[in-house]
Amino acid sequence: MNPLGLLPAELGPRTFALVAGVERYEISRHWNLRGPARDALRFARWLTGPGGVPPGHVRLLLSPLDDPDSLDWSASAGLEALRGTHRPATEANTKTVLFHELPACEGDLLVIFWAGHGYTEPLRGDLMLPSADARAGQILHLNLDSALRWWRTSLVRREIFRHQAALVDACRVDAPREARWNFGANDYGGGTTVPGRRQFRLYASREGEAAKNDAERGAGRFTEELLAELGERPVREAVSGLPGTARSIHRTFLGLRERGEGWQLPQFIVDRNWDASSFLDDEVPGLAPPTAGRLDQSAWDGLGELFQDRDLPRCAHEAYLWAFKAAGCAAPARGGLPGDSLLEVAQDLDERHGGPAGMPLAVPFVRFLGEQGAAGDERWAARARDWVRATRERLGLPALPPPPPPARRTALHVRLETPPGGEGGFLARMWLRREATEHVWESEGEPVRLDAVRDALVRQLALTAKGLGEEAQAGRPSGAVERIEFHVPYELLDLDFDQWPVPRGPGGRNRPLGALYQVVVRCPQEREDSGAEWRGKWRWLWAQGGRHPEAVRVVADADADDGLGMELGAGPAPACVLAQTRAGARTSAVVEAVLEGGVPVALWHRGPAPAGTDRAGAAQVPSQTAPGGPAYAGGAGPGGSAGDLLDLLIPAGEDGRPPDPGALDVLALPARVRAVRRAAAVAGAGAPGGDRRQPPGGDRLVLLWDDPDDTLTLRSLA
């Protein structure tokens, strides 16, 4: 029996609704996004127009980017009536509507429509919808799941609102874990559960996925499809048909996925239909997934021998993603590997749906490992290729395309050591690392000043560029220098190597080294006591593909205590630390903790150049340092605060989501930092005296990048 059959034929006058669209947030301009206000108005137009709901029954909460009067209120008489009654989408207004005004109404159906940002609470998975007055330190929000639990209890009179529908066009990504994005805990409690009170929920995305918003058109993809399905139907017909609407929306997005157009589009989840039973994708009629290609027992026996005692190689995540591409199907929305061993990854792949031709996903995975994951072990690579060949022949599988070749990178390494006798200057050596390592310059055992090292570096870059030109003319492929890595003692970590002037173009013009190349500093000699943590964090980071909610830890002044190093080294995460510190001693403490905890990557703002140095690094040694450490004289320094790090690294996207450390691709950090330095250099050169506005702190970044897979063990120059 249709549970709505007992409702009045004219349900519209017995329907009440909360409709909210949030585009502008107090917390940051990066949160702003265009579309939710228009979506809320369009839904309100349907409710008060074809839906038959009186405008006085609709509570409209709007926080648009533009003046509310600039919105289009002329679509219907119902919207014109709501024009004078809408309120800002603040937390206080939301709670007033949901927990005071609407429970006092006499109705049969409650409809909640919300468009804006959305995050899931880490423990229970509750959907948290930030309000317009969300601010740093306290993200004011509506906990929708807790609110819906409240609405099912006896705190709402038993005879009213027996049917409730929540339609949400918002992301359901994990809430940021950084302290300044504190959501707190909103649990509204409730009375005893009222039997027979039904709820229907339709969300625009699954847990962990983002909902697509078209900023140019000012519309959410979910709302577009939903309104197309609702059409001109009255509210009773539309609401009783919501399960069919959900299935139709599923079909639309599954069709996009089958055509390879939906990899970055949301999938939909329907929690319960009106008779309280669950229906998910595999229960949608006619949409059963194709039979998955699976490995047979012989293949598993071979994998057991092949993967025995084999650690996850550096390319395992890349191989995992390529397996889906090679088989012609979409990769999972969540990043990272599904296990800590090669066999666990292969088992996950075998349990997923294969490609259109029934290709087991584990086969291209092993093919990729055989090409790139052998790390010089040709015997193991040959065994992997033999397994792929035998499995394909035995199972009658189609041919596989070749995996992409490994990325080529040319790096110039500069090693500086303090003379053992305490003389001024540094012992220096350079080597060029491509497919092989080539020693290119040495200070011949005599200490030299930093400006001599800089001059030698500039000469070597010119010689390398000339050699690349000759190799290209001879038809031999080669790569230009992309990264410069300074292997330095701890006390030199804060020097501004990235600001060394390099001649560029005619007229004797100089450009900062860090604007032309990826410039990082390294401190491998400080890793002796934390080598296991250092290598473990690096392997874990690559297994996650460079992104994970816990990969990046943002450390503020208050966090820089004596126990921070032990805390950072307690597990595989974090693998990257962003030091948002303002006091010089605190920055020094954070860097010390990074090295103690084995964290391979760290980023901080360099303080002002210490006395006795210049922008070319001409001093023999820093003349003022923190005790036992680098010169951290002034925290973030002029031109920006350390709190700007995330804003610098994660530009605002079309969806307007706030900068989240978990969204940072750590493996792409050297390239991203170079882009920030380049933007600062361009802005600084834009006007006489460099007074055009610069990205705050973009020219004062220090990137520690200790790659244990690319560290050479060489005899000391001393």
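Residue numbers run consecutively from 1 along every chain, following the written order of its sequence. Predicted model: local features are reported for residues with pLDDT of at least 70 only, side-chain atom pairs are reported and counted for 80 or more only, and whole-chain, interface and lining totals are derived from all residues. Excluding hydrogens and water, the side-chain values take into account all heavy atoms of the structure.

1. A short note on helix 10 (residues 342–350)
Step number 1: What helix 10 keeps buried is the set Leu-342, Val-345, Ala-346, Asp-348, Leu-349 and Asp-350.
Step number 2: Any two residues having at least one pair of non-hydrogen atoms within 4.5 Å are treated as being in contact. By the criteria applied, helices consist of DSSP H or I runs no shorter than four residues and strands consist of E runs no shorter than two, each listed in order from the N terminus. Residues of helix 10 that are buried sit in contact with helix 8 (297–307), helix 9 (316–327) and helix 11 (362–372). When a residue's accessible area, from a 1.4 Å probe over protein chains only, is under 20% of the maximum for its type it is buried; when over 50% it is exposed; and in between it is partly exposed.

2. Overview of unusual backbone geometry
Step number 1: The residue after Ala-573, namely Pro-574, is reached through a cis peptide bond having omega 5°.
Step number 2: In this fold, Pro-574 is placed in the loop between helix 16 (564–568) and strand 21 (576–580).
Step number 3: Even without glycine at this site, Phe-161 takes up a positive phi of about 45°.
Step number 4: One non-glycine residue with positive phi stands out, namely Asp-309, at about 60°.
Step number 5: The exposed category is assigned to Asp-309, whose relative accessible area is 76%.

3. Quick word on the sheet that holds strand 8 (residues 173–174)
Step number 1: Strand pairing is defined by DSSP finding a minimum of two bridges between the two strands. In space, the 4 strands of this open sheet follow the order 6-5-4-8, with mixed pairing throughout. Of all the strands in the sheet, the pair left with one neighbour each is strand 6 (141–143) and strand 8.
Step number 2: Summarising the sheet, strand 4 (residues 119–120) and strand 8 pair through 2 bridges and their orientation is parallel. When the bridges of strand 8 are listed, Thr-120 appears paired with Asp-174.
Step number 3: Lines fitted to C-alpha atoms define the axes here, with helix axes fitted over just the stretch in contact, and angles between the N-to-C directions of these axes take values from 0 to 180 degrees. Here helix 4 (residues 144–151) sits on the sheet in contact with strand 5 (127–130) and strand 6, set at roughly 50° to strand 6.

4. Overview of the packing of aromatic side chains
Given two aromatic rings, their pairing is described by the distance between the two centres and the angle made by the two planes.
Step number 1: Aromatic rings from Phe, Tyr and Trp, taking only the six-membered ring of Trp, are treated as a pair when their centres fall within 6.5 Å; an angle between ring planes under 30 degrees marks them as stacked, one over 60 as edge-to-face, and anything in between as tilted. Scanning the model with the defined rule gives 17 aromatic pairs in all.
Step number 2: Each ring, one from Phe-16 and one from Phe-161, has its centre 5.9 Å from the other, and the planes form 80°; the classification is edge-to-face. With Phe-16 in strand 1 (residues 15–22) and Phe-161 in the loop between helix 4 and strand 7 (163–169), this residue pair connects regions lying 145 residues apart in the sequence.
Step number 3: Each ring, one from Phe-99 and one from Trp-150, has its centre 4.9 Å from the other, and the planes form 75°; the classification is edge-to-face. Linking Phe-99 in helix 3 (residues 91–101) with Trp-150 in helix 4, this pair joins segments that are 51 residues apart in sequence.

5. Quick look at the nonpolar core
As a rule of thumb, soluble globular proteins bury nonpolar side chains together.
Step number 1: As used in this record, nonpolar core signifies buried Ala, Val, Leu, Ile, Met, Phe, Trp, Tyr and Cys residues forming a set joined through side-chain atoms within 4.5 Å. Counting residues in each nonpolar core, the largest one holds 46 residues, and the members touching the most others are Leu-416, Leu-457, Ile-484, Phe-486, Leu-493, Phe-497 and Leu-513.
Step number 2: Among all residues touching Leu-457, those that are not within four sequence positions of it are Leu-412, Val-414, Met-430, Ile-484, Phe-486, Trp-500 and Leu-513.
Step number 3: Core analysis: the second largest hydrophobic core is formed by 44 residues, Trp-31, Leu-61, Leu-127 and Ile-160 among them.

6. Thoughts on the pattern of salt bridges
Any two side chains of opposite charge can pair, given that their charged atoms come close.
Step number 1: Take a side-chain nitrogen of Lys or Arg and a carboxyl oxygen of Asp or Glu: if they are within 4 Å of each other, that pair is a salt bridge. Evaluation of the coordinates by the stated rule reveals 36 salt bridges.
Step number 2: As a salt-bridge pair, Arg-87 and Glu-101 come within 2.9 Å of each other at their nearest N and O atoms. Here Glu-101 lies in helix 3 and Arg-87 lies in the loop between helix 2 (77–82) and helix 3, a separation of 14 residues in the sequence.
Step number 3: The exposure class assigned to Arg-87 is partly exposed, which follows from its relative accessible area of 22%.
Step number 4: Of the residues examined, Glu-101 reaches a relative accessible area of 24% and is grouped as partly exposed.

7. Here we look at the packing of helix 8 against helix 10
Step number 1: Running from amino to carboxyl end, helix 8 crosses helix 10 at an angle of 150°, the nearest separation of the two axes being 10 Å. Overall, the two elements helix 8 and helix 10 adopt an arrangement that is roughly antiparallel. Contacts between helix 8 and helix 10 pair Trp-300, Leu-303, Gly-304 and Phe-307 from the former with Leu-342, Leu-343, Ala-346, Gln-347 and Asp-350 from the latter. An angle below 35 degrees is treated as roughly parallel, one above 145 as roughly antiparallel, one from 65 to 115 as roughly perpendicular, and anything else as oblique.

8. Topic: helix 3
Turn by turn, an α-helix covers 3.6 residues, leaving residues three or four places apart pointing in a common direction.
Step number 1: Within helix 3, burial applies to Glu-91, Asn-93, Thr-94, Val-97, Leu-98 and Phe-99.
Step number 2: Residues of helix 3 that are buried make contact with strand 1, strand 2 (58–63), strand 3 (109–115), strand 6 and helix 4.

9. Focus on the confidence of the model for the chain
Step number 1: As a per-residue quantity, pLDDT reports the predictor's confidence and falls between 0 and 100. Residues with a pLDDT of 70 or more make up 79% of the chain, whose mean pLDDT is 81.
Step number 2: The lowest-confidence element of the chain is strand 12 (residues 269–270), averaging 50 in pLDDT; the highest-confidence one is strand 1, averaging 97.
Step number 3: Per-residue pLDDT stays below 50 along residues 262–268; that stretch engages in 30 contacts with residues further than four places along the chain or on separate chains.
Step number 4: The model gives residues 279–292 a pLDDT under 50, and that stretch makes 22 contacts with residues more than four places away or in other chains.

10. So, the environment of Leu-493
Step number 1: As for its position among the elements, Leu-493 is in the loop between strand 16 (481–487) and strand 17 (501–503).
Step number 2: Separated by 211 residues in sequence, Leu-493 and Leu-704 have C-alpha atoms that sit 8.0 Å apart.

11. Here we look at the environment of His-487
Step number 1: Among the structural elements, His-487 can be located in strand 16.
Step number 2: Taking C-alpha positions, His-487 is 9.4 Å from Thr-711, a pair spaced 224 residues apart along the chain.
Step number 3: Apart from residues lying up to four places away in sequence, His-487 is in contact with His-413, Val-414, Arg-415, Leu-416, Trp-431, Arg-522 and Pro-524.
Step number 4: At a separation of 2.8 Å, a polar atom in the side chain of His-487 contacts the side chain of His-413. Whenever a nitrogen or oxygen atom comes within 3.5 Å of another N or O atom, the pair is scored as a polar contact, on the condition that within protein one atom can donate a hydrogen and the other can accept it, and that pairs from neighbouring residues in sequence are kept only if both atoms are in side chains.

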